[in-house]
Amino acid sequence: MIRLISAGTLCLVAGATLFAASSAPQIPLSALSSPLKEVAFAVPEDAEVTATLRASCSGCDWGVVGRESAVLRLAVDGRYSQNLFLVRGATASDYHVLLGPLPKGPHQLTLSLDKKASSKRLGEVAVTDVTFQFFGASHPDHSAIALAPVLHARPNTLGRFSDVPLLLWYEKEKTTRGSRIRYSAVFSNEDGGTPADRLLATWGRLTDLEYVYGIEFDHEGRVIEETFQGKDHEIVPFRGKREGFHPVLFVITDNNMVKDEGTPTPRFAPAPILFDLTHASRELVMDEHPWTYAVTAQEARREGRVSKAPAPGSKKIFDPRRYAVLEACAAPEDTAFATFSFSLGVKDASGKTKYFDSTAGVKEYRISRSPDNFPNGCFRGAVALPTGTAAGDVNALRVRAYPRPPRKGEVLKAAPGPARLLRVNRLFLMNRYDQPEPSLFSWTGEAALPLDGEPVTIETRPSISKR
């Protein structure tokens, strides 16, 4: 068990060792890897350590079979730390990793090419710079960094370049009992669960965003509860092992649920990033790191999930660059009884407006959120537009609401009234690099959405506010 002594200081009560040995399999470096770089560094005080690696692979392309990625193997002071996929290919890019708790003094980070895990057709793999960040006990972010989970890969993804954790973020929130830190991961895909066409229609993305671990403290800083998201999205108490304070988790399902026990596999430890999502959807994390859109689009093409003319419900999608993404917010309490869809008006060559609907006529493509899991009422969805649609061609947004169908075993009460649309945070197209273009407009107001009624229509002029 652990407890929080102050805002930045963690103290062990029992059951863990501050500078713990790795639980990962200890494979000699020479067996599977070729050293690329050795970096000596000094830790000024006992601290949690993160590193930023600037790396590239000239022959890598996440979207091409056989050239997907170079995989680095990181070791600290000769002990295995984690694997790192260079998913961003030939572009020299920054990769942020967690090295864990280290005592004051000299240390060495060894970066090697993992020959077995890497694609077979690679160009030059280069690590041009490495910088370190130290979070001592007095650092305001020490607790959040020290509690970030380590994720062991799902065995059936090994060697497949699929469902790779791209980012780890955390949120801090007040609770009635004290405070909580929640950690969630952005995976490049999900091999199970929601198919690609429904993912875009109802979530506006192809990545898999999952809560993985949370810890709640009382007002005196004592731990009340630790949980993780297990199979079937069940929130389960964490009782697993730690490295220092870091919970060790194992990805176990094709939709990236985790467990607090398992057989060690190659693992990932992205450095956690703080986000405030009070007034936005979780996908804002991707917007702030737009390269994640490109990686997931490349993976979709490589895995054959993209088609020129997919039929609705076929589990395939149009070219990801054809999609427009909407983020809007309903009144939080209304998501308990309503689902949503939207359509975009696009001017054609003759100047007439044609609407393209996010559901494509499929009821399962309606956007549904739970006020328990998404308490701010914000949601996203995406719709495919004609090839070549430009920002100036989009001139209107329509939003509809429908009665929410009951979930398994649920008896719904009669809907209390129309749902209410409160905000449109952003609406953007994708560019030719599979990344978001600037938002076309935003809107605030209070528009009633009758269930199964007429849509609310909003002209897509920038920064509209209506009360």
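Residues numbered from 1 in each chain as written. Predicted model: local features only at pLDDT ≥ 70, side-chain atom pairs only at ≥ 80, totals over all residues. Heavy atoms only, no water.

Draft legend 1. Here's a closer look at the overall build of the chain. Scanning the chain from terminus to terminus reveals five helices and 29 strands. Relative to a compact globule of 467 residues, whose C-alpha radius of gyration would be 23 Å, the chain shows 23 Å and is just as compact. Per-residue burial over the chain gives 54% buried out of 467 residues. Partitioning the contacts of the chain with sequence separation of at least 6, the portion at a separation of at least 24 is 72%. Taken as a whole, the chain presents about 20,500 Å² of accessible surface, with 52% of it coming from carbon and sulfur. Charge separation in the chain, taken as the distance between the mean sites of 57 positive and 53 negative side-chain charges, equals 4 Å. (Helix = DSSP H or I, 4+ residues; strand = E, 2+ residues; numbered from the N terminus. Rg over C-alpha atoms; globule rule 2.2 N^0.38 Å. Buried < 20%, exposed > 50% of the residue type's maximum accessible area, 1.4 Å probe, protein only. Contact = heavy atoms within 4.5 Å. Areas by Shrake-Rupley, 256 points an atom, 1.4 Å probe, with all protein chains shown as cover. Lys, Arg positive; Asp, Glu negative; His and termini not counted. Charge placed at Lys NZ, Arg CZ, Asp CG, Glu CD.)

Draft legend 2. Representation of the packing of aromatic side chains. Within this structure, the stated rule accounts for 11 aromatic pairs. Relative to Phe268, the ring of Phe85 lies with its centre 5.7 Å away and its plane at 35°, an arrangement referred to as tilted. Placement of the pair is Phe85 in strand β6 (residues 79-85) and Phe268 in strand β19 (residues 267-268), with a sequence separation of 183 residues. On the numbers, 5.6 Å between centres and 50° between planes, the contact of Trp203 with Phe374 is tilted. Of this pair, Trp203 sits in helix α3 (residues 196-203) while Phe374 sits in the loop between β23 (353-357) and β24 (378-384), and the two are 171 residues apart along the sequence. Here the two residues Trp203 and Phe374 agree in accessibility, since each one is buried. Through successive ring pairs, a cluster of aromatic residues spans Trp62, Phe85, Phe161 and Phe268. (Phe/Tyr/Trp six-rings, centres within 6.5 Å; stacked < 30°, edge-to-face > 60°.)

Draft legend 3. Layout of the sheet that holds strand β9 (residues 125-136). Read from one edge to the other, the open sheet built from three strands follows the order β7-β4-β9, with strand pairing classed as antiparallel. In the strand order of this sheet, the two ends are held by β7 (93-102) and β9, each with one partner. Taken over all neighbouring pairs, the strand axes of this sheet differ in orientation by 20° on average, direction set aside. Here strand β4 (residues 47-57) pairs with β7 via nine bridges, running antiparallel. Residue pairing for β7: Ala47 is matched across the bridge by Leu102. (Pairing = 2+ DSSP bridges. Axes fitted to C-alpha atoms, helices over the stretch in contact; angles between N-to-C directions.)

Draft legend 4. Up close: the pattern of salt bridges. Tallied over the full model, the rule gives 24 salt bridges. Linking Arg54 and Asp94 is a salt bridge whose minimum nitrogen-to-oxygen distance equals 3.0 Å. A residue pair is termed long-range when its members are at least 10 positions apart, and Arg54 in strand β4 and Asp94 in strand β7 qualify at 40 residues. We classify Arg54 as partly exposed; its relative accessible area is 34%. Looking at Asp94, the relative accessible area reads 33%, which means it is partly exposed. Glu216 is paired through a salt bridge with Arg180; the nearest N and O atoms lie 3.6 Å apart. Taken as a pair, Glu216 in strand β13 (residues 208-218) and Arg180 in strand β12 (residues 178-187) lie far apart in primary sequence, 36 residues in all. By relative accessible area, which is 2% here, Glu216 ends up buried. Three or more residues are tied together by salt bridges with common partners; here these are Arg154, Arg160, Asp163, Asp191 and Asp254. (Salt bridge = Lys/Arg side-chain N within 4 Å of Asp/Glu carboxyl O.)

Draft legend 5. Seen up close, the state of the cysteines. Per the counting criterion, the structure on display carries two disulfides. Between the sulfur atoms of Cys57 and its disulfide partner Cys60 the distance amounts to 2.0 Å. Across the S-S bond linking Cys57 and Cys60, the dihedral sits near 65°, which makes this disulfide right-handed. On the accessibility criterion, Cys60 (7% relative accessible area) is buried. (Disulfide = S-S within 2.5 Å.)

Draft legend 6. Expanded view of the sheet that holds β23. Read from one edge to the other, the open sheet built from four strands follows the order β23-β22-β25-β28, with strand pairing classed as antiparallel. Each having just a single partner strand, β23 and β28 (456-459) make up the two edges of the open sheet. Here the strands of the sheet are splayed against their neighbours by 25° on average, with no regard to which way each runs. One ladder, built from four bridges, connects strand β25 (residues 394-403) with β28; its direction is antiparallel.

Draft legend 7. Geometry of the nonpolar core. Judged by nonpolar contacts, the single largest core of 60 residues is most densely connected at Leu53, Leu74, Leu86, Leu99, Leu109, Val130 and Phe132. Sorting elements by how many residues they give to this core places β4 first, with six residues. Apart from the residues within four sequence positions on either side, Val130 is in contact with Lys37, Val39, Ala51, Thr52, Leu53, Leu109 and Leu111. Core analysis: the next-biggest nonpolar cluster, separate from the first, contains 31 residues, Leu344, Ala401, Leu421 and Ala447 among them. (Core = buried A, V, L, I, M, F, W, Y, C linked by side-chain atoms within 4.5 Å.)

Draft legend 8. Spotlight on helix α5 (residues 291-302). A rise of 1.5 Å per residue sets the reference length of α5, with its 12 residues, at 16 Å; its end C-alpha atoms lie 17 Å apart and thus fit the reference within 8%. Summarising burial for α5: 10 of the 12 residues are buried, a large majority. Those residues of α5 that sit buried are Trp291, Thr292, Tyr293, Ala294, Val295, Thr296, Ala297, Glu299, Ala300 and Arg302. Once α5 finishes, Gly304 follows within two positions and takes phi at roughly 75°, a positive value. (Expected span 1.5 Å × (residues − 1).)

Draft legend 9. Representation of unusual backbone geometry in the model. Non-glycine residue Asp163 carries a positive phi angle of around 55°. Here Asp163 lies in the loop between β10 (150-152) and β11 (165-175). For Asp163, a relative accessible area of 5% puts it in the buried group. Positive phi is not limited to glycine here, since Asp232 has a value of about 65°. Counting through the fold element by element, Asp232 comes out in the loop between β14 (223-229) and β15 (235-237). Looking at Asp232, the relative accessible area reads 65%, which means it is exposed.

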